[in-house]
Amino acid sequence: MSNFFVKRRLLALLLSLILLVIIMGITVKDRPFPTWPERFIRDSFSLVQGVVYKPAYAVAGFFENIKHMYSAFEENKDLKQKMEQYTQMSADLQELKIENEQLRDMLDAKESKLSDYKVRAAEVIARSPERWNHTVIIDRGEKDGIRPNMAVITPKGYIGRIQSVSNYSSQVELVTDIERGNHIGAIIQGKEHIFGVVEGYDPKNNLLIMRKIPMQSEISPGQLVITSGLGGTVPKGLVMGEIVAVRMDDQFLTKDAYIKPNADLQKIEKVFVVERSFVPPTEIPVPNPTEKGGGTRS
Amino acid sequence: MKWGILATILAGVFILEGTVIQIFIAEVIGSAFHFLPRFGLVIIIFISLYLGRRKAFFIGLVYGLFIDLLYGDVIGAYAFSMAVIPYLCALAYQYFQLNVLLVLITVFIGVYVHEIIGYVMLDLFGLTGSEPFGWTEYIPTAILNTLFTAIIYRPLSIFLETMGEGRIDGAV
C-alpha cells in the first residue's frame, strides 16, 4: 500500500488535492446543525476552553482595573452629573410609559409583538484566533434551548447571531463577519424612522455599513441604529450602534451610513442569547381588515 | 511517552490560541494590523525540522483540521495550509545547517506564507468578502510568532533532539 503511494506520488498528491476541494465545497454551506463527530469535538473542547477562559479573563480584568483607577476620580464626577439627569429622565420615562399605555387602551391597540423576546445568559469560552471568521464560542448549546439564527447581545447591544449549535456549545457569528450574507434589518432613529439593511463591514475603521438609504432621508452622525425586527429571528429594538459618518455611495444614488457598534466586540465575556417570542411567518399573510391599527406599526 | 508530551504541548497551545491569548491581545484585534497567534504552526515547523517532514505533515493536517472544526466555516482550509507549510519549510532546509537565525527566518517566512495561503483558500470560496489581501497587515503576525520562536527555541530544540536521533535530513 505504502509502496503504491511512493511510486505514484503525483497521483496521490492530485487525488488528495481533489478530495480537499470536495470536502471544502461540501462544508462551505451554512450548516446550523453540525454532524455528530463535529459536535463531539466541539463539545469536548468547549469544556476545557471554559475552564481556561474564565480565570484568564479575570486576570486581564484585574490589570484593566489598575489602569482605570487613575481616571476614576474624573469619571466619578462626570457620572454623578449624569446620574442627576438620569433621575429626571427615568421620571419622564415613567410618565410617558403610563401615558402610552392609556393612549393604547383608548385606541384599543395591541402591544407590538415585534419587540417581544426572552433572553438566556451564556458565557464566552473561546474566540477564533484568525482573521476571516469572526467567531465566538459560547457555553450553551442545543440542550439549553439555543437554536440557530438567534440573536446574541451584550447589555450594550447587538453583537451577532448563532451560526451553528452543538449539544453543549454553540458558535456565534459576530456582526463584523457580515460580508457573508448575514444581513440585518435595521432602523435609524430620528424624527421619523428610516429603514435599511446593515450589510457591510469596514475592517479598517471597525465600522458597520448600512447601505441603500434613500437620498432624501435626513441622517446625521450621532443618531442611534436599532434592529428593525422585520423578518428573521432578531426582535425589534436591540441597539446596534451610533452613526459616525454618512457618505454618498459610488453611483451617487443612495447614501451609506457608517455605524460604530455600541457593544465592545473586542472584549466579550457574558452574552445573552435572544429568543424571539414571535417568529414572523415566511409567507406574507393577507391583511385582515378587522385588525386595523394593529401594533406592528412603529 | 515523548510523543504524548508533544501531543499535550500541541493541545495546550491550541487551547491557549483560542482563549488566553485572545484576551490579552484583545486591544489590538480591531486595529489595522493583525497579531494572530500561530504558535501551533511554529511548533509544527520545529517538528518538521527535527523529526522529519512526513510526520510534521500529518500532525499539521490534524492540527489544522481541529482549527477548521472549532472555529472555521470550511473544513480543510487550515488543514491544508498547516500541513503544507511545515513540509515546505523542511524541504527548503535540506541544504542548510540548523541554527537559530535560519530557524527564525524560516518561521517568519512560513507564517507569512501561511496567511497568504489561508486567504487564498478562503477567497476561493468567497468567504473573505470584498476585501483585498493586506500585504503589510500580516508582518506584525509574522514578527509576533518569530518572537515566540526565539523564546521557545532552546527548550524545544533540546526536547526534540532527545526525541529523534539528531536531525533526519530528507531521510524519511
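Residues numbered from 1 in each chain as written. Chains lettered and ligands numbered in written order. Predicted model: local features only at pLDDT ≥ 70, side-chain atom pairs only at ≥ 80, totals over all residues. Heavy atoms only, no water.

**Details of the overall build of chain B**
Consideration 1: The number of helices and strands found in chain B is eight helices and zero strands.
Consideration 2: Going residue by residue from the N terminus, the α and β elements of chain B occur as α-α-α-α-α-α-α-α.
Consideration 3: Counting only residues that meet the buried cut, chain B has 56% of its 172 residues in that class.
Consideration 4: Pairs at least 24 apart in sequence give 74% of the contacts found in chain B among residues at least 6 apart.
Consideration 5: Within the structure as shown, chain B displays about 7,200 Å² of accessible surface, and the carbon and sulfur contribution to it stands at 74%. (Helix = DSSP H or I, 4+ residues; strand = E, 2+ residues; numbered from the N terminus. Buried < 20%, exposed > 50% of the residue type's maximum accessible area, 1.4 Å probe, protein only. Contact = heavy atoms within 4.5 Å. Areas by Shrake-Rupley, 256 points an atom, 1.4 Å probe, with all protein chains shown as cover.)

**Observations regarding the packing of helix H6 (residues 77-92) of chain B against helix H7 (residues 100-124) of chain B**
Residues and elements named next belong to chain B.
Consideration 1: Packing of H6 against H7 leaves a shortest axis separation of 9 Å and a crossing angle of 150 degrees. Judged by the inter-axis angle, H6 sits roughly antiparallel to H7. Along this stretch, H6 crosses H7, giving a crossing that reads as right-handed. Judged by residue contacts, Ala77, Tyr78, Phe80, Ser81, Met82, Ile85 and Cys89 of H6 engage Thr106, Gly110, Val113, His114, Ile117, Met121 and Leu122 from H7.
Consideration 2: For the contact of H6 with H7, the per-class residue count stands at ten nonpolar, four polar and no charged. (Axes fitted to C-alpha atoms, helices over the stretch in contact; angles between N-to-C directions. Parallel < 35°, antiparallel > 145°, perpendicular 65-115°, else oblique. Left-handed = near helix turned anticlockwise from the far one by under 90°. Nonpolar A, V, L, I, M, F, W, Y, C, P; charged D, E, K, R; others polar.)

**A word on the sheet that holds strand E3 (residues 151-154) of chain A**
Strands in a sheet are paired, the pairing made by backbone hydrogen bonds, and the direction either parallel or antiparallel.
Residues and elements named next belong to chain A.
Consideration 1: Here six strands make up a closed barrel; going around it, the order is E1-E2-E5-E4-E3-E12 and the pairing antiparallel. Across the sheet, the axes of successive neighbouring strands diverge by a mean angle of 45 degrees, strand direction being ignored.
Consideration 2: Sheet topology note: the strand E2 (residues 135-138)/strand E5 (residues 170-174) ladder contains four bridges and is antiparallel. The residue bridging Ile137 from the neighbouring strand is Gln171, located in E5. (Pairing = 2+ DSSP bridges.)

**Focus on the interface of chain A and chain B**
Consideration 1: At the interface, 45 residues of chain A touch 42 residues of chain B.
Consideration 2: At the boundary of chain A with chain B, total buried surface from both sides reaches about 4,200 Å², with 64% on carbon and sulfur atoms.
Consideration 3: Taken together, the links from chain A to chain B amount to zero salt bridges.
Consideration 4: Linking chain A with chain B are six residue pairs in polar contact (both at pLDDT 80 or more), by the criterion used here.
Consideration 5: Every element with two or more residues in the side of chain A that touches chain B is listed here: helix H2 (9-27), helix H3 (36-69), strand E1 (117-127) and E2 of chain A.
Consideration 6: It is H3(A) that contributes the most residues to the side of chain A that touches chain B, 14 residues altogether. (Buried area = accessible area lost by both parts, 1.4 Å probe. Salt bridge = Lys/Arg side-chain N within 4 Å of Asp/Glu carboxyl O. Polar contact = N/O pair within 3.5 Å; in protein donor to acceptor, adjacent residues only side chain to side chain.)

**Notes on empty space enclosed by the protein**
Consideration 1: Evaluated as defined, the whole model comprises four cavities of 30 Å³ or more.
Consideration 2: Roughly 120 Å³ of volume is contained in the largest cavity.
Consideration 3: Taken together, 14 residues form the lining of the largest cavity, with A:Lys29, A:Arg31, A:Gln163, B:Gly72 and B:Asp73 sitting closest to its centre.
Consideration 4: Residue assignment for the lining of the largest cavity shows that the elements contributing at least two residues are H3 and strand E4 (157-165) of chain A. (1 Å grid on protein atoms, 1.4 Å probe; cavity = no way out; pocket = protein on both sides within 12 Å on 5 of 7 lines; lining within 4 Å. Points joined across faces, edges and corners; volume = space filled by probe spheres on them.)

**A word on the environment of B:Ile15**
Consideration 1: Note on placement: B:Ile15 falls in helix H1 (residues 2-18).
Consideration 2: What makes B:Ile15 buried here is its relative accessible area of 10%.
Consideration 3: Expressed as a C-alpha distance, the spacing of B:Ile15 and B:Gly40, which sit 25 residues apart in the sequence, is 9.9 Å.
Consideration 4: Apart from the residues within four sequence positions on either side, B:Ile15 is in contact with A:Phe45, A:Val48, A:Gln49 and A:Val52.

**Looking at the side chain of A:Glu173**
Residue and element names in this part refer to chain A.
Consideration 1: By secondary structure assignment, the location of Glu173 is in strand E5.
Consideration 2: Classification of Glu173 by relative accessible area gives buried; the value is 1%.
Consideration 3: Within the structure, the side chain of Glu173 is placed 3.4 Å from the side chain of Gln163, a separation counted as a polar contact.

**Remarks on the sheet that holds strand E11 (residues 254-261) of chain A**
Consideration 1: Taken together, the six strands give a closed barrel; going around it, the order is E6-E7-E8-E11-E10-E9 (chain A), and neighbouring strands pair in antiparallel fashion. Direction aside, neighbouring strands of the sheet carry axes that sit 45 degrees apart on average.

**Quick word on the side chain of A:Gln223**
Residue and element names in this part refer to chain A.
Consideration 1: Structurally, the position occupied by Gln223 is in the loop between strand E8 (207-214) and strand E9 (224-227).
Consideration 2: The buried category is assigned to Gln223, whose relative accessible area is 16%.
Consideration 3: With sequence-adjacent residues up to four places away left out, Gln223 is seen in contact with Ile188, Gln189, Gly190, Glu218, Gly241, Glu242 and Ile243.

**Some details on the confidence of the model for chain A**
Consideration 1: Confidence in the prediction of chain A, expressed as mean pLDDT, is 80, and 86% of residues score 70 or more.
Consideration 2: Considering only residues more than four positions removed or in separate chains, one finds that residues 291-298 of chain A, a stretch of pLDDT under 50, has eight contacts. (pLDDT = per-residue confidence, 0-100.)

**As for helix H5 (residues 53-71) of chain B**
Consideration 1: In this model, H5(B) (19 residues) spans 26 Å end to end at C-alpha, consistent with the 27 Å of a helix rising 1.5 Å per residue.
Consideration 2: If you check which residues of H5(B) are buried, you get B:Arg53, B:Ala56, B:Ile59, B:Gly60, B:Tyr63, B:Gly64, B:Ile67, B:Asp68, B:Leu69, B:Leu70 and B:Tyr71. (Expected span 1.5 Å × (residues − 1).)

**What to know about the confidence of the model for chain B**
Residues and elements named next belong to chain B.
Consideration 1: On average, residues of chain B carry a pLDDT of 82, and 88% of them reach 70 or more.
Consideration 2: Of all secondary-structure elements in chain B, the lowest mean pLDDT belongs to helix H3 (residues 26-29), at 56, while helix H4 (residues 39-51) reaches the highest, 90.
Consideration 3: Predicted complex metrics record ipTM = 0.78 and pTM = 0.78.

**Here we look at the packing of H4(B) against H6(B)**
Residues and elements named next belong to chain B.
Consideration 1: Between H4 and H6, the least distance of the axes is 8 Å, while the angle of their chain directions is 40 degrees. Classified by the angle between their axes, H4 and H6 sit oblique to one another. For H4 against H6, the interelement crossing comes out right-handed. Across the interface between the two elements, Leu41, Ile44, Ile45, Ser48 and Leu49 of H4 pack against Met82, Ile85, Pro86, Cys89 and Ala90 of H6.

**Some remarks on the nonpolar core**
Consideration 1: With 55 residues, the main nonpolar core has B:Phe14, B:Phe46, B:Ile47, B:Tyr63 and B:Leu160 as its most contacted residues.
Consideration 2: With eleven residues, H4(B) is the largest single contributor of residues to this core.
Consideration 3: Every residue in contact with B:Ile47, bar those within four places of it in the chain, is listed here: B:Leu6, B:Leu10, B:Gly52, B:Ala56, B:Ile59 and B:Leu160.
Consideration 4: Counting residues in hydrophobic clusters, the runner-up holds 45 residues, among them A:Ile138, A:Val152, A:Tyr201 and A:Leu208. (Core = buried A, V, L, I, M, F, W, Y, C linked by side-chain atoms within 4.5 Å.)

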